[in-house]
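Summary of structural features
Below are the chains, spelled out letter by letter.
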Amino acid sequence: GAGVSQSPRYKVAKRGQDVALRCDPISGHVSLFWYQQALGQGPEFLTYFQNEAQLDKSGLPSDRFFAERPEGSVSTLKIQRTQQEDSAVYLCASSTGTGSPQHFGDGTRLSIL
Amino acid sequence: SQQGEEDPQALSIQEGENATMNCSYKTSINNLQWYRQNSGRGLVHLILIRSNEREKHSGRLRVTLDTSKKSSSLLITASRAADTASYFCATDSGSGYALNFGKGTSLLVTP
């Protein structure tokens with residue numbers, strides 16, 4: 001597709017459930033990023049991939065968060081044993097490389113009940 | 001942690017007026033970017049200014065950068081109702097790839 005695609009757009013889960021969020025980056029984009037955006041705040045960095053390699057996961061809030069990009073294209077962000085504080089919009093972005101503009105998807109709005 | 005701070009937090013103007021938003025940041029940068037976010041949507045890249053540039057234009061947008069003051073401004077001229085959105089500045093300080101965003105300026109342009 002022309003842009004970054006994220007699915008699902010909305011996800012409601014009960015506390016303690018596991019969730020998986022998908023990101024389809026722009027074809028050919030080497031760099032892929034995940035951000036978390038709380039209501040009324042700017043996005044906060046979670047993790048960064050260059051092709052299939054996860055080069056930085058310093059922003060992941062806890063070991064319940066796990067991201068992968070096994071073939072260097074589609075990426076999945078998984079959250080295990082969800083907590084209420086995980087409720088946020090999760091944004092995926094891709095770019096041609098570091099220092100280049102990042103192209104964002106519309107995000108997945110996650111609500112934990 | 002949020003690196004940048006936008007000012008004002010909210011701005012309301014009428015169509016045709018100019019809108020100016022400011023951004024301050026804390027550490028040295030390679031570049032600074034401005035993004036727009038419409039409600040319920042992702043961020044759209046507007047403009048990138050490198051640390052060795054002082055001013056950049058793109059259509060109705062004008063961005064300035066003052067690295068000595070660690071600040072930037074975004075000017076939108078002749079605003080339109082469609083410019084209503086939140087505007088964020090983002091820096092790549094530290095890692096050189098992860099963007100650090102401020103809390104954004106919420107712009108409302110009324111017809």
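First, a word on what this report is: a plain description of the structure on this page.

With that out of the way, let us pick up empty space enclosed by the protein. Counted according to the given criterion, the structure contains one cavity of 30 Å³ or more. The volume enclosed by the largest cavity comes to roughly 50 Å³. Lining the largest cavity are Phe33, Ser95, Gly97, Thr98, Gly99, Ser100 and Gln102 of chain A together with Gln33, Asp92, Gly96, Tyr97 and Leu99 of chain B. Class assignment of the residues belonging to the lining of the largest cavity gives a composition of three nonpolar, eight polar and one charged.

So, on to the state of the cysteines. For the structure on display, the rule yields two disulfides over all chains. Put simply, Cys23 of chain A and Cys92 of chain A are joined by a disulfide, and their sulfur atoms are 1.9 Å apart. Since a negative S-S torsion denotes a left-handed disulfide, the Cys23 of chain A-Cys92 of chain A link at about -65 degrees is left-handed. With Cys23 of chain A in strand β3 (residues 19–24) and Cys92 of chain A in strand β9 (residues 88–95), this residue pair connects regions lying 69 residues apart in the sequence. In this structure Cys92 of chain A comes out as buried when scored by relative accessible area, which is 0%. The side chain of Cys23 of chain B participates in a disulfide bridge whose partner is Cys89 of chain B; the two sulfur atoms lie 2.0 Å from each other. Between Cys23 of chain B and Cys89 of chain B, the S-S torsion sits near 65 degrees, and that sign places the bridge as right-handed. Remark: Cys89 of chain B occurs in strand β9 (residues 85–91) and Cys23 of chain B occurs in strand β3 (residues 19–24); sequence separation between them is 66 residues. Comparing Cys23 of chain B with Cys89 of chain B, the two get one shared label, buried.

What follows is about the sheet that holds strand β1 (residues 5–7) of chain A. Residue and element names in this part refer to chain A. Taking strand neighbours across the sheet as the criterion, the four strands line up as β1-β3-β8-β7 in an open arrangement whose pairing is antiparallel. Bordering the open sheet on either side are β1 and β7 (65–68), each of which pairs with just one other strand. Across the sheet, the mean angle from the axis of one strand to that of its neighbour is 15 degrees, orientation sign disregarded. Pairing analysis gives four bridges linking β7 to strand β8 (residues 75–79), with the strands arranged antiparallel. Bridging from a neighbouring strand, Ala67 pairs with Leu77 of β8.

With that out of the way, let us pick up the nonpolar core. Across soluble globular proteins, you tend to see nonpolar side chains buried next to one another. Counting residues in hydrophobic clusters, the biggest one holds 21 residues, and the most contacted among them are Leu32, Trp34, Leu74, Ile76, Tyr87 and Leu107 of chain B. Secondary structure elements with two or more residues in this core: β3, β4 (31–37), β5 (43–50), β7 (61–66), β8 (71–76), β9 and β11 (105–110) of chain B. The residues contacting Leu32 of chain B, other than those within four sequence positions of it, are Cys23, Tyr25, Ile47, Leu48, Ile49, Leu65, Ser72, Cys89, Ala90 and Thr91 of chain B. In this structure, Ala13, Leu21, Ile79 and Leu110 of chain A belong to the second largest nonpolar core, which totals 20 residues.

When the parts of a complex come together, some accessible area is lost, and that lost area is often taken as the interface size. Taken together, the 21 residues of chain B in the interface contact 21 residues of chain A. On the surface where chain B and chain A come into contact, there are one salt bridge. Residue Arg41 of chain B is joined to Asp106 of chain A by a salt bridge in which the shortest nitrogen-to-oxygen separation is 3.0 Å. Between the two partners, chain B and chain A, sit eight residue pairs in polar contact (both at pLDDT 80 or more). Going through the elements one at a time, β4 and β5 of chain B are the ones with two or more residues in the side of chain B that touches chain A. Split into classes, the residues belonging to the side of chain B that touches chain A amount to eight nonpolar, ten polar and three charged.

Cut-offs applied
- Residues numbered from 1 in each chain as written.
- Chains lettered and ligands numbered in written order.
- Predicted model: local features only at pLDDT ≥ 70, side-chain atom pairs only at ≥ 80, totals over all residues.
- Heavy atoms only, no water.
- 1 Å grid on protein atoms, 1.4 Å probe; cavity = no way out; pocket = protein on both sides within 12 Å on 5 of 7 lines; lining within 4 Å.
- Points joined across faces, edges and corners; volume = space filled by probe spheres on them.
- Nonpolar A, V, L, I, M, F, W, Y, C, P; charged D, E, K, R; others polar.
- Disulfide = S-S within 2.5 Å.
- Helix = DSSP H or I, 4+ residues; strand = E, 2+ residues; numbered from the N terminus.
- Buried < 20%, exposed > 50% of the residue type's maximum accessible area, 1.4 Å probe, protein only.
- Pairing = 2+ DSSP bridges.
- Axes fitted to C-alpha atoms, helices over the stretch in contact; angles between N-to-C directions.
- Core = buried A, V, L, I, M, F, W, Y, C linked by side-chain atoms within 4.5 Å.
- Contact = heavy atoms within 4.5 Å.
- Salt bridge = Lys/Arg side-chain N within 4 Å of Asp/Glu carboxyl O.
- Polar contact = N/O pair within 3.5 Å; in protein donor to acceptor, adjacent residues only side chain to side chain.

That is the geometry; function is a separate question.
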